[in-house]
Amino acid sequence: MNFEFSADQMQLKDIARKFLEKEDAVKRARNVLEGEESFDENLWQQIIEMGFTATAIPEEYGGLGLGYLELCVIAEELGRSLAPTPFSSSVYLATEAILNSGDDSLKQNYLPSLANGEKIGSFAHSESNTSPTESNIQCNVSGNALSGKKIAVVDGDISNFFVVSAKNGSNVGLYLVDASSDGVGIERQPTLDPSRSHASVIFENAACHELQSEWSSVTNLLDRAAVLFAFEQLGGAEACMDMAKEYAMGRYAFGRSIASFQAIKHKLADMYIAVELARSNCYYGAWALSTDAPELPTAAATARVSASQAFHECSKENIQTHGGMGFTWEFDCHLYYRRCRQLAANIGSQAIWKDKLISSLERANQI
Amino acid sequence: MDFNDTPEEAKFRKEAYDWLKANAPLKEGPKDSWRAASEEEGLKEVKAWQKKLHDGGWACLHWPKQYGGRESTPIERVIWGQEVSKFKVPGGYLEIGQGMAGPVMMMYATEEQKERYLPPLATGEEIWCQLFSEPAAGSDVAGIKTKAELDGDTWTINGQKVWTSGAHFSDYGILVTRSDPTVAKHKGLTFFFVDMKSPGIEVKPIKQISGGANFNEVYFTDVKIPDSQRLGAIGDGWKVSLTTLMNERLAVGDASGPDFEEAFSLARGQDLNGKLAIENDAVREKLADWYCQQSGLKYAKYRNISALSRGETPGPQSSITKIVSGNKLQEIANFGLDMLDSAGILRTDEEGADQSMYQYGFYGAAGIRIAGGTDEILKNIISEQVLGMPQDMRADKGLPFNEIPTGNK
């Protein structure tokens, strides 16, 4: 059995980790949070130069032609370091939507510039304060024109194009709209995690191009992205566990290190348990994603739910372990607490993913 | 990343499967497992099967061949375990002897003793038990009080052990005693093996919350043990005990009982307020949580097996298995009974009935969360040995043992 990343993949992970540490990505996340910029452009350029955006794009479209396992290890390190860039929107969602489309000329047009970072794409899906479904999506396509409003589009204000879920007749599918097209109105939206920018996007008869016309293309895109988001969440969770441990080891109260109190030790053990379960489930997701396994919907939901739980557990208990200092602006705990919420919200709520998980098992069981 | 065997592993797997196929019936379904009519019958069947395994060269896989083993690699043990689980074969009774007593004998007994005692463990002819816990020494197992006094080359043992699985049918036991109460807790212990038929040993079953009796109290009254049966130096008993405790933690794994599959299948057929339970969002959410826990443990195990397959030492992820599976079992058992509404309180002894499965889990989980290291002790182990956090401050540190308050004081 070889249920593990290869030596080369682990080396790539190590390179990504050292690079993001050297560039102090966490500090950069704080700068974006406190400043006016939507993302850290310098870090983004360096990530592009490292080839990370080109990882899973085939060589014929200007990519490196590596696989999804490589993308998973990079995602984990981006999550660990809170890297404030549009990587997830552009790579896990926009790039994937185009790769899945089956339209070769579109791939030729977009993939090389996504690989080399000339273009940033994002996914415009949510419309209101409920989960977008095949029946409640209002954005609609008529002819080649798309109309409607999307909210909380991550990286929406810095995107060159949008992948938009919209209804065409009775089918909901995916459509591509260039941000510079007539009839596209973009407005930044304030959020709980200002280290990642969000926008509302209004389309008024904006020119669009069909990527895929079926609802299954939306769920497939979300399933594939869920594995990669889960790795970011896993990295964030582990970072919080490590922070909590380091702080507890060096903090003295009642004459001794607070890391020697069982109340703290058991808290850390609970974090460890959550992280190990999430890691193992993420590996399962990575395997399913990289092999296009029929189990992908189950594996993706399992990874997503498990990693969301781990990040939630670790980011809140990290603050708790830090005591009052954990509640200050000065300490980094809140950066992770915010990012945890941002990643949990990004591709749909925990309740929805749990429901998807059970639905996928019901379907598997019927066959 | 894949789940495939290496060519050597595949060859070993085939060899194991072929032998099993020739010697045992395949299970007809996942729930088709071996069950003995009585303890006496079970013992007989287990011993006969172990003899067969030994004659076929499949006993105590990792032991040296000279003591009846096969000298298999760790990954071969895993593969054997996977293959044997497909067959309806007897099990139980021998784990403590082969898994805990055997390794400690191999490390500390004389060559002559090894040749006398190890082969009958491998063939299943002799059964061993472990005499560690005491009424005042559970999680704090170094706090034992059973007294050992040396006179000439004979030790006299007085005291009481508790939670001893299989003491009533064991031939021998490994025993930890206090030989010097005037020194610090961990320093005054001495380790022996003892003939369970020695005069002065009395075994009394403990009635558990399930009504069954898998464990015993064992009383020692002036039991004589020759000094030649001491394992390790006088006063080194804690060090010797750690060898077996480490093996115990590896041995106590996944909690057995209803798991996600059972709860899922129950929910899909069970009425809840006029609809199928599976249509209830609260039920779906719980099921999703249990699936994620079960799946996380499964793939953590695969990560371990992968490490073994590469000849590496597995990571510490297996330390979470018992905590997660014990708590999951307790929740699933409670869910299964809750689904039956008021009728969930009614006892049934009907074999194979869902209700009895959940009832067994309801009792069993409470025990699993304690046996072989409580949840709390395991969390201490994770935080100290995996995460490297410091030990708690100990009120008894450095005190002579006879000045330390213990038990229910």
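Residues numbered from 1 in each chain as written. Chains lettered and ligands numbered in written order. Predicted model: local features only at pLDDT ≥ 70, side-chain atom pairs only at ≥ 80, totals over all residues.

Caption draft 1: Geometry of the overall build of chain B. Broken down by element type, chain B carries eleven helices and ten strands. Radius of gyration (C-alpha) of chain B: 23 Å, near the 22 Å computed for a compact globule of 409 residues. If one aligns the C-alpha atoms of chain B with their principal axes, the spans along those axes are about 75 × 55 × 45 Å. In chain B, which comprises 409 residues, the share counted as buried stands at 36%. (Helix = DSSP H or I, 4+ residues; strand = E, 2+ residues; numbered from the N terminus. Rg over C-alpha atoms; globule rule 2.2 N^0.38 Å. Buried ≥ 20, exposed ≤ 12 C-beta atoms within 10 Å, placed from the backbone.)

Caption draft 2: Up close: the interface of chain A and chain B. Contact residues are listed per partner, giving 37 residues for chain A and 37 residues for chain B. Among the elements that make up the side of chain A that touches chain B, the one with the highest residue count is helix α8 (residues 262-291) of chain A (16 residues). For the side of chain A that touches chain B, a count of residues per class yields 20 nonpolar, ten polar and seven charged. (Contact = placed C-beta atoms within 7 Å. Nonpolar A, V, L, I, M, F, W, Y, C, P; charged D, E, K, R; others polar.)

Caption draft 3: Here's a closer look at the packing of helix α9 (residues 321-338) of chain B against helix α10 (residues 354-368) of chain B. Residues and elements named next belong to chain B. Packing of α9 against α10 leaves a shortest axis separation of 8 Å and a crossing angle of 145°. Between α9 and α10 lies a crossing of left-handed hand. Contacts between α9 and α10 involve G326, L329, Q330, I332, A333, N334, G336 and L337 on the former and, on the latter, D354, Y358, Q359, G361, F362, G364, A365, A366 and I368. Looking at the contact of α9 with α10, its residues break down into nine nonpolar, seven polar and one charged. (Axes fitted to C-alpha atoms, helices over the stretch in contact; angles between N-to-C directions. Left-handed = near helix turned anticlockwise from the far one by under 90°.)

Caption draft 4: Up close: the domain arrangement of chain A. Residue and element names in this part refer to chain A. In terms of domain boundaries, chain A breaks down into domain 1 (7-115), domain 2 (121-213) and domain 3 (217-366). Between domain 1 and domain 2, the C-alpha centre-to-centre distance is 22 Å. Counting from both sides, the interface comprises 19 residues of domain 1 and, opposite them, 16 residues of domain 2. Secondary-structure elements contributing two or more residues to the side of domain 1 that touches domain 2 are α2 (25-34), α5 (87-101) and α6 (104-115). Considering each element in turn, the side of domain 1 that touches domain 2 owes the most residues, nine residues, to α5. When grouped by side-chain class, the residues that make up the side of domain 1 that touches domain 2 number 13 nonpolar, six polar and no charged. (Domains from an automatic or database assignment.)

Caption draft 5: Main features of unusual backbone geometry. All names here are of chain A. One non-glycine residue, D155, adopts positive backbone phi at about 65°. Tracing the backbone shows D155 in the loop between β3 (145-154) and β4 (161-168). Phi is positive for N205, close to 50°, though the residue is something other than glycine. When you line up the elements, N205 lands in strand β7 (residues 198-207). Of the residues examined, N205 has 14 C-beta atoms within 10 Å and is grouped as partly exposed.

Caption draft 6: Focus on the domain arrangement of chain B. One can read the domain layout of chain B as domain 1 (7-93), domain 2 (128-250) and domain 3 (253-370). Placing a centre on the C-alpha atoms of domain 1 of chain B and another on those of domain 3 of chain B gives a separation of 26 Å.

Caption draft 7: Representation of the pairing of strand β7 (residues 215-226) of chain B. All names here are of chain B. One ladder, built from eight bridges, connects strand β3 (residues 154-162) with β7; its direction is antiparallel. Along β7, the bridge assignment pairs K161 with V218. Summarising the sheet, strand β6 (residues 201-206) and β7 pair through six bridges and their orientation is antiparallel. Paired with K204 across the bridge in β7 is E217. (Pairing = 2+ DSSP bridges.)

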